[in-house]
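# Architecture at a glance
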Amino acid sequence: MKKVFILGSTGSIGVNTLNVIRNFSDRFKVAGLTVNSRIDLLEQQIKEFKPEFVVVTDKSKAKELKSNAGNICEVLSGYDQILNAAAERDYDILLGSIVGFSGLAPTLEAIKRGKRIALANKETLVVAGEIVTKLVLANSAQIIPVDSEHSAIYQCLIGENLNEVEKLILTASGGPFLNKDKSFFETATLDEALNHPNWKMGNKITIDSATMMNKGLEVIEAKWLFGLPVERISVVIHPQSIIHSMVQFVDGSIKAQLGLPDMKLPIQYALTFPERLKNDFKRTDLPAINNFTFFEPDFDKFECLKLAYNVIKTGGTTPCILNAANEIAVDKFLKGMIKFSQIPCLIDKALNYIENHSEPDIETIFECDRATREFVLSTSY
Ligand code: MG
């Protein structure tokens, strides 16, 4: 029986993780759950999965939950308690699906204890890839990606030699604005940006898909996960989202992993690896897919993707600046404070304004994240 600690249990990945655990209740047990404030759904999850503890970041919501469900499990409150739980509680697998930079610190705690990390929080590797990968090695921890593209590559690499990999090919749906002109970004509404053609996800990542920043972050994530230089990581648009990513080898052979756009599969793989367990998820109906296309991404149109490739080359704290600026810019767009077209402009401003530190330690990364947020929050448009 493996105990799973889920960070962000009411988000899309968290809910899907619990769907997987429900299928394999003879193998997995919920150790703990964390949420920001959605205690109504958390209460249902507590009743069904009976975790040993839960952490609610919002302190007044935690108080409310305590009076409703405090007799079923321990209710803790505040972000610090997430860190404490990751550092001290009993669990085997950390499923990190908190959105954004705040996923980094608890993931570091789990890595220090040599745990398996089922990593859905790509920002952890984006902002601190070098530190994280060194720490994983030093503590014999294990990162199994949950991000569908990286799960696909991970699966394609089983039994292969990394020296024989020519390049990784990350697929991208292209998001809701794939067939729009760049001028459309001036007037794109929130509803239009949130209307992803294939994937149902949280708001932040859905906007990241519309700007294609999500793919940029994924290129950085892939660089650290698989230890390959960015020159050997490419992006191809595949609007059907059936091929989740590919690996091309030195002999020209390409391996791909296919499946429906459903996060349950990569989540299950990250929990059960190296085993594959039989499930009853919907199967891919290949003859029903009568259109299977690929083309180059447009870097001029999707400026966020270009910015992401630039920061990989510059390195230092620039990926951290890119990520923090993007988090605040997307939040501003979600709140109606800026236009869709202004998201890359704000990130570019932050990259020009905030000083880059090469080979940063973890304190420098936290400080860089804080300073960038402050800058982008106070930069009006
Ligand atoms: Mg992905």
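Residues numbered from 1 in each chain as written. Predicted model: local features only at pLDDT ≥ 70, side-chain atom pairs only at ≥ 80, totals over all residues. Heavy atoms only, no water.

### Re helix α13 (residues 318–334)
Spelled out, the test is: For the purposes of this entry, the term helix denotes a DSSP run of H or I that reaches at least four residues, the term strand denotes a run of E that reaches at least two, and both are numbered from the N terminus. A helix's residues, less one, multiplied by 1.5 Å, set its expected span. Categorising residues by exposure relies on relative accessible area from a 1.4 Å probe, with only protein chains included: less than 20% of the type maximum marks a residue as buried, more than 50% marks it as exposed, and the intermediate range marks it as partly exposed.
Here α13 is 17 residues long and its end C-alpha atoms lie 24 Å apart, about the 24 Å a rise of 1.5 Å per residue gives. Here α13 lies mainly inside the structure; 15 of its 17 residues are buried.

### Let's talk about the packing of aromatic side chains
Basically, it comes down to this: Whether two aromatic rings pair depends on their centres lying within 6.5 Å, for rings of Phe, Tyr and Trp, where Trp uses its six-membered ring; planes under 30 degrees apart make the pair stacked, over 60 edge-to-face, and the rest tilted. Lysine NZ or arginine CZ positioned within 6 Å of the ring centre and within 35 degrees of the ring normal marks a charge as sitting over the ring.
On inspection of all chains with the given rule, the structure shows 14 aromatic pairs. With centroids separated by 5.1 Å and ring planes inclined at 80 degrees, the aromatic side chains of F101 and F366 adopt a geometry described as edge-to-face. One end of the pair, F101, is in the loop between β5 (93–96) and α5 (104–112); the other, F366, is in helix α15 (residues 362–378), with 265 residues separating them in the sequence. The buried category is assigned to F101, whose relative accessible area is 8%. Through pairs of rings, three or more aromatic residues link up here, namely F177, F184, F185, F302, F333 and F340. Between R89 and the ring centre of F53, over which it is positioned, the NZ or CZ distance is 4.5 Å. Sitting over the face of the ring of F184, K180 holds its NZ or CZ atom 4.8 Å from the ring centroid.

### With respect to the domain arrangement of the protein chain
Basically, it comes down to this: The split of the chain into domains comes from an automatic or database domain assignment. A contact between two residues is defined here by any heavy atoms of the two lying within 4.5 Å. Two parts placed together each lose some accessible area under a 1.4 Å probe, and the buried area is that loss summed for both.
Domains assigned within the protein chain are domain 1 (2–145), domain 2 (150–261 + 271–303) and domain 3 (315–381). In this structure, domain 2 and domain 3 have C-alpha centres spaced 24 Å apart. Each side of the interface is counted separately: domain 2 has 18 residues, and domain 3 has 14 residues. Each partner contributes to the roughly 1300 Å² buried at the junction of domain 2 and domain 3, and carbon and sulfur atoms together form 77% of this total.

### Notes on the packing of helix α1 (residues 12–23) against helix α11 (residues 264–272)
Under the convention used in this document: Helix axes are fitted to C-alpha atoms over the stretch in contact, other axes to C-alpha atoms as well, and angles between N-to-C directions run from 0 to 180 degrees. Throughout, a crossing is termed right-handed when the near helix is turned clockwise from the far one, and left-handed when it is turned anticlockwise from it by less than a right angle.
Relative to each other, α1 and α11 sit at 65 degrees, their axes nearing to 9 Å. Considering how the two elements wind past one another, α1 and α11 form a crossing that is right-handed. In this structure, α1 uses I13, N16, T17, N19, V20 and I21 to contact α11, whose residues at the interface are K264, I267, Q268 and L271.

### Looking at helix α9 (residues 203–211)
Along α9, seven of the nine residues are buried, which leaves the element largely enclosed by surrounding structure. Among all positions in α9, only K204, T206, I207, D208, S209, A210 and T211 are buried. Where α9 is buried, its residues touch α6 (123–138), α8 (190–193), α10 (213–226), α12 (303–314), α13 and α14 (342–353). Phi turns positive, to about 70 degrees, at M212, one or two residues after α9.

### Section: the sheet that holds strand β3 (residues 53–56)
In plain terms, the rule: Strands are treated as partners if at least two bridges between them are detected by DSSP.
The seven strands are arranged β4-β3-β2-β1-β5-β6-β7 in an open sheet whose pairing can be described as parallel. Because the sheet does not close on itself, it has two edges, and the strands there are β4 (74–77) and β7 (142–145). Across the sheet, the axes of successive neighbouring strands diverge by a mean angle of 20 degrees, strand direction being ignored. Two elements, strand β2 (residues 28–35) and β3, share four bridges in a ladder whose sense is parallel. Bridging across to β3, V35 finds its partner in V56. Seen against the sheet, helix α4 (residues 79–88) touches β1 (2–7), β2, β3 and β4 and runs at an angle of roughly 160 degrees to β1. Packing of α11 onto the sheet brings it into contact with β1, β2, β5, β6 (116–119) and β7, and relative to β6 it is tilted by some 170 degrees.

### Considering the nonpolar core
Spelled out, the test is: As used in this record, nonpolar core signifies buried Ala, Val, Leu, Ile, Met, Phe, Trp, Tyr and Cys residues forming a set joined through side-chain atoms within 4.5 Å.
L322 and F340 are the most contacted members of the largest nonpolar core, which has 123 residues in total. Of all the elements, α13 adds the most residues to this core, at eight residues. Setting aside residues no more than four positions away along its own chain, F340 makes contact with F177, F185, A188, A193, I207, A210, T211 and F333.

### Quick word on the pairing of β1
Put simply, the rule reads: By the criterion used throughout, a crossover qualifies as right-handed when its path from the first strand across the helix to the second strand runs clockwise, the strands pointing away from the viewer.
The buried count for β1 comes to five of six residues, which makes it a mostly enclosed element. Between β1 and its parallel partner β2, the chain crosses via α1, and the hand of that crossover is right-handed.

### Regarding the sheet that holds strand β10 (residues 243–249)
Read from one edge of the open sheet, four strands run β9-β8-β10-β11, paired in mixed fashion. At either end of the open sheet lies a strand with only one pairing partner, and these are β9 (233–237) and β11 (254–258). On average, adjacent strands in this sheet sit at an angle of 20 degrees to one another, irrespective of strand direction. Note: strand β8 (residues 165–172) against β9, five bridges, orientation parallel. In the strand pairing of β9, T171 is matched with V236. With respect to the sheet, α10 is in contact with β8 and β9, its orientation differing from that of β8 by roughly 150 degrees.

### A word on the pattern of salt bridges
Put simply, the test is: Whenever a carboxyl oxygen of Asp or Glu lies within 4 Å of a side-chain nitrogen of Lys or Arg, that contact is scored as a salt bridge.
Using the criterion set out here, one finds 24 salt bridges in the structure. Ionic pairing is found between K3 and E52, a salt bridge with its closest N-O pair at 3.1 Å. Separated by 49 residues along the polypeptide, K3 in strand β1 and E52 in the loop between α2 (39–49) and β3 bring together distant segments of the chain. Across the salt bridge formed by R370 and E367, the nearest N and O atoms sit 2.8 Å from each other. Placement of the pair is R370 and E367 together in helix α15, with a separation of three residues, close to one helical turn. Judged by relative accessible area, R370 falls into the partly exposed class, the value being 40%. Classification of E367 by relative accessible area gives partly exposed; the value is 41%. Taken together, the shared-partner salt bridges in this structure form one network comprising K122, D147, E149, K215 and E218.

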